[in-house]
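Descriptive structure summary
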Amino acid sequence: MKIPSLPTFPPGFLWGASASAFQTEGAARADGKGPSGWDAFAAQPGRIKDGGDGTRGTGFYERYREDVALLAGLGAGAFRFSVSWPRVVPDGTGAVNAAGLDFYDRLVDDLCAHGITPAPTLYHWDTPLALEERGGWLDRDTAYRFADYAGIVAERLGDRVPMWITINEPAEVTLLGYALGEHAPGKKMLFDALPAAHHQLLAHGLAVRALRAAGASDIGIAVSHTPVWPAGDSEEDRFGAELYDTVSNWLFADPLLTGAYPDENFAALMPGPVAEDLEIISTPLDWYGVNYYNPTLVGAPAPQALDSFAGFDIPSELPFGIREIEGYDRTDFGWPVVPDGLREMLIQLESRYGDRLPPLYITENGCSYDGIEDPRRIAFLDGHLRSLHTAMSEGVDVRGYFTWSLTDNFEWIEGNAQRFGLVHVDYETMRRTPKDSYHWYREVIRGSKS
Ligand code: IFM
C-alpha cells in the first residue's frame, strides 16, 4: 500500500476515532439497561431500510476489549464513544443502574490501560424512552434530567476522563427527529420543532455546569456543520440558502458561542425564559467540536430534487429545497466528496466568531464505502486531512481529528447497509477485520509522531 506523505500536523495533535452507543453496543436490554426512544422507533416496522432494529449494534458491549485493542493497534490518542443515558439511568430520571456505570468504568479503564484518552459523549441520540414519552426534547424538564445524568457520569468516571462531549449534533436530532420525523421520535413538526433545539442547547449548558461542579474539565460539544452553497442567484434561491444556513449552522453555534440566536424571529419562537437560558447555553466551552461530511446545495423549494438528500424526504412546504451537488465523486451513501468544504467551513467559523471561537476539534469526518480494500476511503480521508491542514495554516486553531468511525456500525435508518468503519464488521459473526484504510490511518498517526 502506498503510504501518503501528508503535511505535518503540530506536535500533540490528537488523532482519534469516534463511535456511539446505540450504533455499536447492542445489548439493548442487558444488565438493567432501560429502553431508549431509538429502541422503540427502530422496532416499528418499516422504519429501518434493511429491516434491522439496531438491537445488536456491533456487539461492542461484549467485545469492547477487541475494539480497544484495535484502537491501540492504530496508535490512536483518543476514542470518542458515547455513554447510553438509559443504560446509566434507565428511566432517564431516578434510579441509577450500577451495572450500566460499571460497563463504562471497565471501558474507561481499558482505554487508559492502553494509553488512549477516553472522550465520552453524554448524548448521542438515545433518549430514555420514559422521557421521550413525556415529550423528549420538547419538554424543558428533559434538559434538567440530562444535567443530573451528566453529573452522575462525571462523579463515576471523572477521575480518569480528561475530555468530555455533552451532546452530539443537536441539529440532526431537531431536524430529522422532530421536524421531519425520519429519525426517532418520528415527529413531523417542521418549524414547531424549534423547542427541541432550545432544550438541547439548554441541556448542554446545564450539563457543562454539572460536569464542572463534579470536577470535570476540557468540555466541548459536537455540532454538525455544512457549508451552504446557494443553488442560484434568484432571490428565492438566496433566501432558501440563507434560511438553511441559519437553521443548520448558526441556530446552534451562535447561542453556544455568542449567547444569542442568529435572528430575533428565531429567539421569539423559543420557549421559556430565553434570555436567561442563553446565559446558561453560552457557558464558556473549553473547545468546540465540528462534525463535517459535505457541503449542501440549497435554493428555493424543489420537491422533485429532494429524494436524493441522504435518503430523507424533505417536505415541499419548507421554504428551501436541497439539490444534488454535481461534479464531485460520491460515497456509497450518495454524499458528495468535497474535501475543501472542511476548510471552507472552518474558515467561516473563524471569521464569524473570531476570538470567541475556542480551540476546535474535528469530532467526526468520514465516509461510507463498501469493501475491506477501500482506496476511496483512503482518498477521502487523505483529502480531508490536507484540507484541514490548509485551514490550520490559514490560522484556524484545530487540536485534533476524530474519524467516523472506528468500526462499521448501525447507521440509523440505513441499518447496516452504510459502512463508515476503518474496520469491517461481519454482522453474522461480529468478526472485525481491519480495512486498508485502518492500516493507512495507522501510518498517518505513526508518521505524525516521528
Ligand atoms: O453515523 C452518524 C453519526 O451517528 C452522527 N453523525 C453522522 C454519522 C454518519 O451519518
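Described below are features of the structure shown in this document. Here the structure is a predicted model, which means the values were calculated and not measured. (Residues numbered from 1 in each chain as written. Predicted model: local features only at pLDDT ≥ 70, side-chain atom pairs only at ≥ 80, totals over all residues. Heavy atoms only, no water.)

1. A look at the site of the ligand
As a structural note, the neighbourhood of the ligand is formed by Gln23, His124, Trp125, Asn168, Glu169, Tyr293, Trp335, Glu364, Trp404, Glu411, Trp412 and Phe420. Between the ligand and His124 there is a distance of 2.8 Å, counted from an oxygen atom to a side-chain nitrogen or oxygen. The contact in question runs from a nitrogen atom of the ligand to an N or O atom on the side chain of Glu364, over 2.5 Å. Contact with the protein chains covers 94% of the free accessible surface of the ligand, which is 280 Å². Per-class residue counts for the shell around the ligand are six nonpolar, three polar and three charged. (Near = heavy atom within 4 Å. Polar contact = N/O pair within 3.5 Å; in protein donor to acceptor, adjacent residues only side chain to side chain. Areas by Shrake-Rupley, 256 points an atom, 1.4 Å probe, with all protein chains shown as cover. Nonpolar A, V, L, I, M, F, W, Y, C, P; charged D, E, K, R; others polar.)

2. Looking at the environment of Arg442
Considering the arrangement of structural elements, one finds Arg442 in helix α15 (residues 436–449). You can call Arg442 partly exposed: its relative accessible area is 22%. With 371 residues separating them in the primary sequence, Arg442 and Leu71 have C-alpha atoms 9.3 Å apart. If we skip the residues at most four places from it in the chain, Arg442 touches Gly73 and Leu74. (Helix = DSSP H or I, 4+ residues; strand = E, 2+ residues; numbered from the N terminus. Buried < 20%, exposed > 50% of the residue type's maximum accessible area, 1.4 Å probe, protein only. Contact = heavy atoms within 4.5 Å.)

3. Overview of the sheet that holds strand β9 (residues 296–299)
Taken in spatial order, the three strands make up an open sheet running β7-β9-β10, and their pairing is mixed. The two strands at the open ends of the sheet, each matched to only one other strand, are β7 (228–230) and β10 (321–323). Each strand axis lies, on average, 45° off the axis of its neighbour in the sheet, ignoring direction. Pairing between β9 and β10: three bridges, direction antiparallel. By the bridge assignment for β10, Val298 is matched with Ile322. The sheet contacts of helix α10 (residues 235–258) involve β7, β9 and β10, and relative to β9 the element is tilted by about 130°. (Pairing = 2+ DSSP bridges. Axes fitted to C-alpha atoms, helices over the stretch in contact; angles between N-to-C directions.)

4. A few points about unusual backbone geometry
With omega at 5°, the peptide bond leading from Ala184 into Pro185 counts as cis. Along the chain, Pro185 turns up in the loop between α8 (170–179) and α9 (194–213). Backbone torsion omega between Trp404 and Ser405 reads 15°, so that peptide bond is classified as cis. Looking at the element boundaries, Ser405 is found in the loop between β12 (398–404) and β13 (423–426). Residues other than glycine seldom take positive phi values, yet Trp125 does so here, at roughly 85°. With respect to the secondary-structure elements, Trp125 resides in the loop between β4 (121–123) and α6 (129–132). With relative accessibility at 7%, the residue Trp125 sits in the buried group. For Met430, which is not glycine, the phi torsion reads 65° and is therefore positive. Turning to its location among the elements, Met430 is positioned in the loop between β13 and β14 (431–434).

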